[in-house]
Amino acid sequence: MLPDPQRFLAVAGRRIARAEGAAQVVRELCRSVVPELADGAFVYLEDGRQVHSEPLRLRLDGAPAELGGAMGGVPPDAASVTPDGVLARLLRCGRTRGAGPAGTDTETDEALRELLGKAPRLPQGNRVLLAPLRAPDAVVGVAVFLRRPDREDFVDDDIALADALATQAALGVREATAIPQVRPATALKAPDEDRLRYVGAATRRIARGFDTDEIVLGLCRAAVPTYSDAALVYLRDPLPVGDERPTGPAVLRLRRTDRMKGPGAEGLVWPETVDDERDDLDASDWSEVVPGGALAEVLRGVRPVFADNSPTRAALSELVGEESALNGWAGTHAILAPLRGRRRVTGAVVFLRRPERPAFEPADLLVAAQLATHTALGVDKAVLYSREAFIADRLQRAMLPHSLPRPTGVRLAVRYLPAAETARVGGDWYDAIPLPGSRVALVVGDVMGHSMTSAAVMGQLRTTALTLAGLDLPPQEVLHHLDEQAQRLGTDRMATCLYVVYDPVSHRITVANAGHPPPILLHPGGKTEVLAVPPGAPIGVGGIDFEAVELEAPAGATLLLYTDGLVESRLRDVWTGIEQLREKLAATAQLTGPDRPPPLEALCDEVLDMLGPGDRDDDIALLAARFDGIAPSDVAYWTLDPDNAAPGRARRLTRQALATWDLDDLTDTAELLVSEIVTNAVRHASRPIGLRLLRTEVLRCEVGDDVPQLPRLRRASPDEEHGRGLYLVNRLARRWGTTRLGTGKNVWFELGGPAN
């Protein structure tokens, strides 16, 4: 199957449409088919010298002198078609057929013997297609398409493409040999005077559509008013994707209608229910395809039909509704064309001409078939693309944090933008990771590329960074281990990364950089500063020592971390973009004044507004952190000896601190939980125990010791004396947790706040 059948049909259709004369039409057909669709092809056309009463005689036209070996040898120069033979029946049917599997004998095989002789040398299996060239009023020839034995068999999609090309070639041959006729002045010009050029222009317009709505709009705009006075397009709801098999009855929903308006439409009489301001026609919004019903039979037939007999009129009525005034447009003024994609029928289109207009001709059925084929293939492509874009977007979002944490002393805001709608995956990521001691790690990284591979590498590096952060390693060590991980993933896995650790108690940040653009700090007074951090080498280079610097992070300051997609594009270099970003931050801060920093969410939006039309060449990840910090008066810290007196001393110190902070309502609970955690630490610790209380919007208690084993929540049996401490913490605390440190562990819990 060709990777882009719609494009193939559009290109081949244009080549055939531009051909002048039957011989050139045949040459363009063969040039279009070989080698993309077939390895060889030859065409027989009707012998124009024969008498009309004689049986159809075909002559070879446009074939190479020698196809060679299993490709069929030299085809005969001419062949006569027996009126009651299998070949004649298949030509009258007008459908492209494939030969049967090796060892079988099908109608197609018998027809090929009639055409090529008793012992044709053809490839085995379904590698031969017999494509009748059937014009609206007669058979004008037949084409044979061949594939070599080392190539796969023709599949149903290949047969559909060959059928569409054969139909278009038949129309071209017939137009080239037909006697010109004078058309009525009121007839629509383009399809009657030059159907091939019309089909070429219409299919190009349809092929330009990017999504389903654009493709359907292209069909309606191409058909109305040039081809028809009105058009209605129904699509399956939901549209099937790929090879999935829809469950339940098929439902067709009206996707779009269009009708002739403006100059030339003054004499047309539309139903009273038509909205003059819109294109709405009097038709049902949806129709269920009843198995075995008239509509189901028409859709199964695939080819467009006139509504000129009882079954097709019933199918039209079933589609647009029994009460619709459009049922009065039956006969040859209405064409019902199924939309068949690669696997199945995906909808139907109705073309209508008003009764006072000339009716559709048989040749117009071929035009309708071409329009329907291109539309159906375009809808298939759009649905597949939409699903792929959806999956890619969900994959990308799944690899990024679902929500940001709310660490103590810092507020966060993020933005993520893909490079474009057509490239929704990439390697940019961000993260905010709570660390022991109320610290938080802020991470922004960028893996090279916008592919699924880049997204997969990004996911692995982000997971590695989360694991390393949980070990409470220094920032430079985290980057070192990320560099080793990238080298294990492959020699071409390159990424940049900025790793920042913020301590709200000391009001300082520690920054390590791996080839990433430097962060920008917005001070409380509105001053902006590009932080001087060592640039480092990108992750994946190997053998590089990363450096970390410690900087002041005053309360009220805002740190902006970003990827290069925000500051670099084809129109500016990265340092020009960084300077523009710094100026944008300063200008935004002036809007709220020196005493009030701009809100984080609004600040992120203002930053993204600096992007111009040509600045979206890469993904963008943006992480903004507002440092509130924790005042020294809201922090209490003690060191306790690991002895039996430690729990009692911890209770007294906790009671005194809470009395100072006017948190007497939390005293009893806090004393109990602190006592339980310190008691557990005394039982195992060999070095002094750390006890710290932090007062923010909640009360946070942290107990640290030198034992790396983390305590686990369990339910103690009635006869056990221990094992109930964490059970009490779990029941009484607002939140709690444990973190392994490089020299031990930290157990913490929170009390108070709205959720207590």
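Since we're looking at a predicted model, the values are computed, not measured.

1. Here's the deal with the side chain of Thr-496
Here's step 1: Structurally, Thr-496 can be placed in strand E16 (residues 495–503).
Here's step 2: Only 2.8 Å separates the side chain of Thr-496 from the side chain of His-516, close enough to count as a polar contact.
Here's step 3: Ignoring sequence-local partners within four residues, the contact set of Thr-496 consists of Trp-429, Val-444, Gly-445, Asp-446, Ala-514, Gly-515, His-516 and Pro-538.

2. Observations concerning the sheet that holds strand E9 (residues 286–288)
Here's step 1: The strand order across the open sheet formed by six strands is E9-E8-E7-E12-E11-E10, and the pairing between neighbours is antiparallel. The outermost strands of the open sheet, each flanked by one partner alone, are E9 and strand E10 (305–307). Pairwise comparison of adjacent strand axes, ignoring direction, gives a mean angle of 25° for this sheet.
Here's step 2: Judged from the three bridges that link them, E10 and strand E11 (residues 331–340) form a sheet pairing that is antiparallel. Bridge assignment links Val-305 to a residue of E11, and that residue is Leu-336.
Here's step 3: In this fold helix H8 (residues 212–223) packs onto strand E7 (230–236), strand E8 (251–259) and strand E12 (345–352), with an angle of close to 45° to the strand it touches most, E8.
Here's step 4: Set on the sheet, helix H11 (residues 362–399) makes contact with E7, E10, E11 and E12; between it and E11 the angle comes to about 30°.

3. Overview of the pairing of strand E24 (residues 689–695)
Here's step 1: With six of seven residues buried, E24 is to be regarded as a mostly interior element.
Here's step 2: Here strand E23 (residues 635–640) pairs with E24 via six bridges, running antiparallel. Looking at E24, one finds that Trp-638 is bridged to Leu-691.
Here's step 3: Where E24 and strand E25 (residues 699–705) come together, six bridges link them in antiparallel fashion. Bridging from a neighbouring strand, Leu-693 pairs with Cys-701 of E25.
Here's step 4: Linking E24 back to E25 in an antiparallel pair, the connection comprises three residues.

4. Some remarks on the pattern of salt bridges
Here's step 1: Applying the stated rule across the entire model yields 30 salt bridges.
Here's step 2: Its salt-bridge partner being Arg-582, residue Glu-579 comes within 2.5 Å of it at the nearest N-O pair. Of this pair, Glu-579 and Arg-582 are both found in helix H14 (residues 574–592), three residues apart, which corresponds to roughly one turn of the helix.
Here's step 3: On the accessibility criterion, Glu-579 (32% relative accessible area) is partly exposed.
Here's step 4: With a shortest N-O distance of 3.0 Å, Lys-745 and Asp-705 are connected by a salt bridge. One end of the pair, Lys-745, is in strand E27 (residues 744–751); the other, Asp-705, is in strand E25, and 40 residues separate them in sequence. We note that Lys-745, like Asp-705, is buried.
Here's step 5: Several salt bridges converge on common partners, so that one network encompasses Arg-692, Arg-700, Glu-702, Arg-734, Arg-735 and Glu-750.

5. Some thoughts on the sheet that holds E16
Here's step 1: Within the open sheet, the five strands sit side by side as E14-E15-E16-E17-E20. Their pairing is antiparallel. Looking at which strands have only one partner, the edges of the open sheet turn out to be strand E14 (427–434) and strand E20 (548–552). Taking each pair of neighbouring strands and ignoring which way they run, the sheet shows an average axis angle of 15°.
Here's step 2: Pairing of E16 with strand E17 (residues 508–514), which is carried by seven bridges, proceeds in the antiparallel orientation. Bridging from a neighbouring strand, Val-500 pairs with Val-511 of E17.
Here's step 3: Contacting E14, strand E15 (440–447) and E16, helix H12 (residues 452–470) crosses the sheet at an angle of about 15° to E14.

6. Considerations on the packing of H12 against helix H13 (residues 475–489)
Here's step 1: Remark: H12 packs on H13, axes separated minimally by 10 Å, with the N-to-C direction vectors making an angle of 145°. Where H12 crosses over H13, the two elements pack in a sense that is right-handed. In this structure, H12 uses Val-457, Gln-460, Leu-461, Thr-464, Ala-465 and Leu-468 to contact H13, whose residues at the interface are Val-478, His-481, Leu-482, Gln-485, Ala-486 and Leu-489.
Here's step 2: Across the contact of H12 with H13, the residue classes break down as eight nonpolar, four polar and no charged.

Thresholds applied
- For every chain, the first residue of the written sequence is number 1, and numbering continues from 1 onward in sequence order.
- Totals for whole chains, interfaces and linings use all residues, but because this is a predicted model, local features are given only for residues with pLDDT of at least 70 and pairs of side-chain atoms are given and counted only at 80 or more.
- Values reported for side chains reflect all heavy atoms of the structure, with hydrogen atoms and water molecules removed beforehand.
- Helix and strand labels come from DSSP, where a helix needs a run of H or I of at least four residues and a strand needs a run of E of at least two; each type is numbered from the N terminus.
- Polar contact is defined as a pair of N or O atoms within 3.5 Å, subject to the rule that within protein one atom must be able to donate a hydrogen and the other to accept it, and that residues adjacent in sequence are counted only when both atoms are side-chain atoms.
- In this description, contact between two residues means that some pair of their heavy atoms is separated by no more than 4.5 Å.
- Pairing between strands requires that DSSP locate at least two bridges from one strand to the other.
- Helix axes use the C-alpha atoms of the stretch in contact, all axes being lines fitted to C-alpha atoms, and the angles between their N-to-C directions lie in the range 0 to 180 degrees.
- For each residue, the accessible area found with a 1.4 Å probe, counting protein chains only, is set against the maximum for its type, and the residue is called buried under 20%, exposed over 50%, and partly exposed in between.
- By definition here, a salt bridge exists when the distance from a side-chain nitrogen of Lys or Arg to a carboxyl oxygen of Asp or Glu is within 4 Å.
- Less than a right angle of anticlockwise turn of the near helix away from the far helix marks a crossing as left-handed, whereas a clockwise turn marks it as right-handed.
- Three categories are distinguished: nonpolar for Ala, Val, Leu, Ile, Met, Phe, Trp, Tyr, Cys and Pro, charged for Asp, Glu, Lys and Arg, and polar for the others, with Gly belonging to the last.

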